Amino acid sequence: MPRLSFIYRTDVHVTDRSPVSWRGDYPREIWGNLRQVGELAKLHEAAAVLDGGDYFHIKAASRNPHSLVVQSAEIQAQYPCDTWCVEGNHDIHHNNLNTIDGQPLGVLYATNTFKHLREQVFEDGDLRVRVIGVPYSQLRTLNELQLLRKKPGDTFLIAIVHALASENPPPRVEEFFGESVFRYSDLVYGDGPDMWCFGHWHRDQGIVTVGDRTFVNQGAVSRGALIRENLERTPKVGLIEATPNGLKATAIQLNVLPASEVFDIERKERQDEQVQHIAEFIEEIKSNLVVNEEDSVDNTLRRMTYAEDIRELALHYLENARQRKAG
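About the criteria used
Residues numbered from 1 in each chain as written. Predicted model: local features only at pLDDT ≥ 70, side-chain atom pairs only at ≥ 80, totals over all residues. Heavy atoms only, no water. Helix = DSSP H or I, 4+ residues; strand = E, 2+ residues; numbered from the N terminus. Buried < 20%, exposed > 50% of the residue type's maximum accessible area, 1.4 Å probe, protein only. Contact = heavy atoms within 4.5 Å. Areas by Shrake-Rupley, 256 points an atom, 1.4 Å probe, with all protein chains shown as cover. Pairing = 2+ DSSP bridges. Axes fitted to C-alpha atoms, helices over the stretch in contact; angles between N-to-C directions. Salt bridge = Lys/Arg side-chain N within 4 Å of Asp/Glu carboxyl O. Arc of directions from axis to C-beta. Expected span 1.5 Å × (residues − 1). Polar contact = N/O pair within 3.5 Å; in protein donor to acceptor, adjacent residues only side chain to side chain.

What am I meant to see in the overall build of the chain here?
Summing up its helical and strand segments, the chain has ten helices and 14 strands in all. Out of the 327 residues belonging to the chain, those deemed buried represent 48%. At a minimum sequence separation of 6, the contacts of the chain that also span at least 24 residues come to 67%. Working note: accessible area of the chain is about 16700 Å², and carbon and sulfur atoms make up 49% of it.

Would you take a moment to explain the sheet that holds strand β14 (residues 246–253) for this structure?
Pairing between the strands of a sheet is mediated by backbone hydrogen bonds and can be parallel or antiparallel. The strand order β4-β3-β2-β1-β13-β14 describes an open sheet built from six strands, whose pairing is mixed. Strands with a single pairing partner mark the edges of an open sheet, and in this sheet they are β4 (115–116) and β14. Where strand β1 (residues 4–9) and strand β2 (residues 48–51) come together, four bridges link them in parallel fashion. Along β2, the bridge assignment pairs Tyr-8 with Leu-50. Against the sheet, helix α1 (residues 26–43) engages β1, β2, β13 (236–243) and β14, with an angle of about 170 degrees to β1.

So what exactly am I meant to see when it comes to the pattern of salt bridges here?
Proximity of charged atoms lets side chains of opposite charge pair with each other. Applying the stated criterion across every chain yields a total of 17 salt bridges. Measuring nitrogen to oxygen at the nearest pair gives 2.8 Å for the salt bridge that ties Arg-128 to Asp-154. Here Arg-128 is found in strand β6 (residues 127–134), whereas its partner Asp-154 is found in the loop between α4 (142–145) and β7 (156–162), with 26 residues between them in sequence. Notably, a salt bridge pairs Asp-204 with Lys-236, separated by 3.0 Å at the nearest N-O pair. On the criterion of sequence distance, the pair formed by Asp-204 in the loop between β10 (195–199) and β11 (207–210) and Lys-236 in strand β13 is long-range, its members being 32 residues apart. Under the relative-accessibility criterion, Asp-204 is labelled partly exposed at 25%. The network of salt bridges with common partners includes Glu-119, Glu-123, Arg-128, Arg-130, Lys-151 and Asp-154.

Is there a simple way to think about the environment of Val-161 in this case?
Looking at the element boundaries, Val-161 is found in strand β7. Residue classification places Val-161 among the buried positions, given a relative accessible area of 0%. Residues Val-161 and Thr-10, spaced 151 residues apart in sequence, show a C-alpha to C-alpha distance of 9.9 Å.

Sorry if this is basic, but what is going on with helix α2 (residues 66–76) here?
Since the α-helix packs 3.6 residues into each turn, any two residues three or four apart lie on the same face. Every buried residue belonging to α2 is among Leu-68, Val-69, Ser-72, Ile-75 and Gln-76, and all of these are buried. Buried positions in α2, seen along its axis, are confined to an arc of 130 degrees and lie on one side of it. In α2, the exposed positions that point more than 90 degrees away from the buried face belong to His-66 and Glu-74.

Teacher, can you tell me more about α1 here?
The terminal C-alpha atoms of α1, which comprises 18 residues, lie 26 Å apart, in line with the 26 Å expected from a rise of 1.5 Å per residue. Listing the buried residues of α1 in full gives Tyr-26, Pro-27, Glu-29, Ile-30, Trp-31, Asn-33, Leu-34, Gln-36, Val-37, Gly-38, Leu-40 and Ala-41. On the buried face of α1, the contacting elements are β1, β2, α2, β13, β14 and α7 (259–262). Where α1 begins, the capping side chain belongs to Asp-25, and its oxygen is found 3.1 Å from the backbone nitrogen of Arg-28. Positive backbone phi, at 50 degrees, marks Glu-45, one or two positions downstream of α1.

Looking at this model, I keep getting lost on the sheet that holds β10. Mind explaining?
Ordered by their spatial adjacency, six strands build an open sheet running β5-β6-β7-β10-β12-β11, and the pairing between neighbours is mixed. What marks the edges here is a single partner per strand, and that holds for β5 (119–124) and β11. Across the sheet, the mean angle from the axis of one strand to that of its neighbour is 20 degrees, orientation sign disregarded. In this sheet, strand β12 (residues 213–216) lies alongside β11 in antiparallel orientation, the contact comprising four bridges. The partner of Val-208 across the bridge, within β12, is Phe-215.

Explain the environment of Asn-112 here, please?
Relative to the assigned elements, Asn-112 resides in the loop between α3 (104–110) and β4. The exposure class of Asn-112 is partly exposed, given its relative accessible area of 47%. Considered as a pair, Asn-112 and Thr-83 are 29 residues apart in the sequence and their alpha carbons are 9.7 Å apart. Engagement of the side chain of Asn-112 in a polar contact is seen with the side chain of Lys-115, the distance being 2.9 Å.

Hey, could you run me through the pairing of β5 in this one?
Successive residues of a regular strand alternate their side chains across the two faces of the sheet. As judged from the six bridges shared by β5 and β6, these two strands associate in the antiparallel manner. Residue Gln-120 lies in a different strand from β6, and its bridge partner there is Val-131. Hairpin geometry of β5 and β6 is characterised by an intervening segment of two residues between the two adjacent antiparallel strands and by a positive phi of about 65 degrees at Gly-125.

What is the right way to read unusual backbone geometry from this model?
The phi angle of most residues is negative, glycine excepted, and most peptide bonds adopt the trans form. The phi angle at Glu-45 is positive, at roughly 50 degrees, despite the residue not being glycine. Notably, Arg-172 is not glycine yet its phi reads approximately 70 degrees, a positive angle. Assignment of secondary structure puts Arg-172 in the loop between β8 (165–166) and α5 (173–177).

Geometric descriptors of this kind do not, in isolation, establish any biological role.
Written out as structure tokens, the structure reads:
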């Protein structure tokens with residue numbers, strides 16, 4: 001029976017340094033995750049690895065050493081199939097897709113290390129799977145996504161999209177990100193994609209079926225920031241399998257160290273305590289700055305019961321503000 005399989009990954013965020021929130025070796029974990037993707041591609045005889053964008057982490061090309069491109073190429077050379085990739089917002093400069101030629105991902109495209117995904121057909125006998133890539137755009141609209149349609153002869157259509165999407169977006173999330181969040185229910189229509197694979201949002205929202213369509217939105221392969229989500233989730237990739245009987249996706253966890261071994265949790269606790277102190281300090285400023293004409297803001301700050309360094313920092317900012325106003 002005809003069969004096509006794919007490994008879907010997203011938000012790899014390759015870099016040569018560990019985030020400040022890490023005490024472990026972030027680059028080592030990322031390279032290890034990429035090697036695991038290659039092993040899974042071999043195990044499942046994948047026709048392609050599909051990458052949902054943000055392969056690189058740092059947007060400025062000059063801050064990405066050539067060694068990242070070299071090591072990416074060396075790992076890709078061990079894969080049994082091509083990697084087809086779309087651009088995320090971290091892969092381009094100033095959110096401008098026209099900058100890709102000068103970016104590290106553009107080098108991987110130009111050297112044929114990665115394939116540039118816009119539209120690609122994979123076939124096995126009468127089984128035809130068309131894959132469409134939709135790169136990041138801050139102005140991406142629902143109407144644009146709803147233009148994605150099957151063509152005559154397609155058995156299945158898969159869309160790889162770097163955009164925020166969710167079955168039930170949390171309240172105010174669009175305001176927080178400053179971007180549209182596409183709702184799954186709006187992407188179930190007529191001859192539209194049978195499967196949507198989203199990147200960009202690092203949160204693991206799982207694999208969900210809405211109507212007769214599948215949504216793969218498992219979050220980032222990487223674990224950069226020390227936030228609750230990254231403390232609780234294990235990075236995953238998706239195994240996509242197509243046969244004449246149907247199209248399905250299965251989650252596969254990657255083998256990574258526990259969060260407690262890679263994150264500097266004690267440092268995060270200290271930072272959280274400092275943030276709380278600053279918040280309390282601001283509230284006290286608000287309540288104490290109703291002073292009489294004979295008093296001064298400086299004296300009010302000095303009387304407040306906070307650590308000397310915090311009071312002095314506030315006074316420093318106040319003096320700078322006065323100088324700018326005077327100038």
